[in-house]
Amino acid sequence: RARFRGGESQRRASMSGFLSRWIHDAIALRMEDPVKIRADWVAHMHKTEAKCVEIKKNWDQPTKTAGFWRKPQYNATIDLMNDSRAGKIPGRAQNW
């Protein structure tokens, strides 16, 4: 077995310290600034809160206008069920 002198082990320790510092700095350079991340999060929360206030203000309002469900495209099934000629088409099941 080879014995290491004191200076060599210290050099290895300083080398590993250098590598860990270098890796830490390389990773830190690629990361966003924590202050910017926090500021973006706060801005997002303020926008979300403003949207929630707007939604709660309009909560009791109807989502559809008056007469929306009376339009022909929403009543096509009912019209077919009430049409006596449509019930006699071959292959059509009887209405319940």
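Quick note: structure is the one above.
Read on for an overview of the structure. (Residues numbered from 1 in each chain as written. Predicted model: local features only at pLDDT ≥ 70, side-chain atom pairs only at ≥ 80, totals over all residues. Heavy atoms only, no water.)

### Regarding the overall build of the protein chain
Filter applied, for reference: Helical segments are the DSSP runs of H or I of at least four residues, strand segments are the runs of E of at least two, and each set is numbered from the N terminus. Type-normalised accessible area, obtained with a 1.4 Å probe on protein chains alone, sets the label of each residue: buried when under 20%, exposed when over 50%, and partly exposed for intermediate values. Accessibility throughout is a Shrake-Rupley quantity obtained with a 1.4 Å probe, and a residue counts as covered only by protein chains that appear here.
When helices and strands are tallied, the protein chain shows three helices and zero strands. Moving toward the C terminus, one meets the helices and strands of the protein chain in the order α-α-α. Counting over 96 residues, the protein chain shows a buried share of 4%. Working note: accessible area of the protein chain is about 9,800 Å², and carbon and sulfur atoms make up 60% of it.

### Here we look at the packing of aromatic side chains
To keep it simple, the criterion reads: Planes of paired rings set the category: under 30 degrees apart is stacked, over 60 is edge-to-face and the rest tilted, where pairs are Phe, Tyr or Trp rings (Trp by its six-membered ring) whose centres lie within 6.5 Å. In this scheme, Lys NZ or Arg CZ marks a charge over a ring once it lies within 6 Å of the ring centre and within 35 degrees of the ring normal.
Within the structure shown, the criterion is met by zero aromatic pairs. Above the ring of Phe68, the side-chain terminus of Lys64 is found at 5.3 Å from the ring centroid.

### Concerning the pattern of salt bridges
Basically, it comes down to this: Salt bridge criterion: a side-chain nitrogen from Lys or Arg within 4 Å of a carboxyl oxygen from Asp or Glu.
Taken as a whole and assessed by the stated rule, the structure comprises three salt bridges. With a shortest N-O distance of 3.5 Å, Glu32 and Lys36 are connected by a salt bridge. We classify Glu32 as partly exposed; its relative accessible area is 47%. The exposure class assigned to Lys36 is partly exposed, which follows from its relative accessible area of 44%. In this structure, Lys36 engages Asp40 in a salt bridge whose closest nitrogen and oxygen atoms are separated by 3.0 Å. Of the two residues, Lys36 and Asp40 are both situated in helix α2 (residues 34-57); the distance of four residues between them amounts to about one turn of the helix. The exposure class assigned to Asp40 is partly exposed, which follows from its relative accessible area of 40%.

### Brief notes about a nonpolar patch on the surface
Going by this rule: Every patch collects residues that have over 30% relative accessible area and no salt bridge, joining them within 9 Å if they carry like charges and within 5 Å if they are nonpolar side chains (Val, Leu, Ile, Met, Phe, Trp, Tyr).
Judged by side-chain polarity, Phe18, Leu19, Trp22, Ile23, Ile27 and Met31 come together as a nonpolar surface patch covering roughly 640 Å² of accessible area. With respect to the helices and strands, Phe18 occurs in helix α1 (residues 6-30).

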